[in-house]
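Residues per chain, in single letters:
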Amino acid sequence: MPLVALGAGALLVGRVDRVKQWKIVAVCLLALMPLQFWWFWSDYFSDYRVRSAVWLGGNIRGALEELIDRDARERAPMVYFSPLRAGSGQLDGRNQYMDAYWKFYLIKHGRQDLLARTLPFEAEKLHAVLPGSLVLANLDDAVTGALVKKGELKPVKTISELDQSKFFVVLQR
């Protein structure tokens, strides 16, 4: 029995030493937490916004508020949203959210009247688009790009992203 007691005593002392070691590790990690948080905080409110803007949908706010402001300056008969496409023609995932964003910004600016004058843009129905109407598209869209080249639409404003690149363009018939 004394051998068993000796072994149990050694395990208990070893366990106490391990607990003490882990307490030291835990205290050190807690002491480093403010440093890690400071790094996160400073990055989040500086470069992170620019780095993540492309992945978070680009400057949709700037594009939609440009439409609202332009309509306030010179009333557009209609506002159209061209489906956002990559240069390859593949549809952009942001298309499904544009309606919700548009409604949000119209409410924010007290311009719900514009909702009645908003339609999806269909290039094959260009003849029905009234002169002075606005079309929101992206610069890489081959469909609206071809209409700009033909003179059917004219670019009136490109929207800058946080990194100063351009994605959205406001066109006018």
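Residues numbered from 1 in each chain as written. Predicted model: local features only at pLDDT ≥ 70, side-chain atom pairs only at ≥ 80, totals over all residues. Heavy atoms only, no water.

Visitor: Explain the sheet that holds strand β2 (residues 118-120) to me, using residue names and the numbers behind them.
Guide: Taken in spatial order, the five strands of this open sheet run β2-β1-β3-β5-β4, and their pairing is mixed. Lying at the two open borders of the sheet, with one neighbouring strand each, are β2 and β4 (154-160). Averaged over all adjacent pairs, the angle separating strand axes in this sheet is 25 degrees, with direction ignored. Two elements, strand β3 (residues 134-138) and strand β5 (residues 166-172), share five bridges in a ladder whose sense is antiparallel. Each residue of the ladder has a partner; that of Ala137, found in β5, is Val169. Helix-sheet contacts for helix α3 (residues 60-73) involve β1 (79-81), β3, β4 and β5, and the interaxial angle to β4 is about 135 degrees. (Pairing = 2+ DSSP bridges. Helix = DSSP H or I, 4+ residues; strand = E, 2+ residues; numbered from the N terminus. Axes fitted to C-alpha atoms, helices over the stretch in contact; angles between N-to-C directions. Contact = heavy atoms within 4.5 Å.)

Visitor: Pulling in residues and values, what's your account of the pattern of salt bridges?
Guide: Under the criterion given, the structure shown has eleven salt bridges. With a shortest N-O distance of 3.1 Å, Glu66 and Arg70 are connected by a salt bridge. Taken together, the residues span about one helical turn, with Glu66 and Arg70 both in helix α3 at a distance of four residues. Each member of the pair, Glu66 as well as Arg70, carries the same accessibility label: buried. (Salt bridge = Lys/Arg side-chain N within 4 Å of Asp/Glu carboxyl O. Buried < 20%, exposed > 50% of the residue type's maximum accessible area, 1.4 Å probe, protein only.)

Limitation: the analysis is restricted to geometry and does not speak to function.
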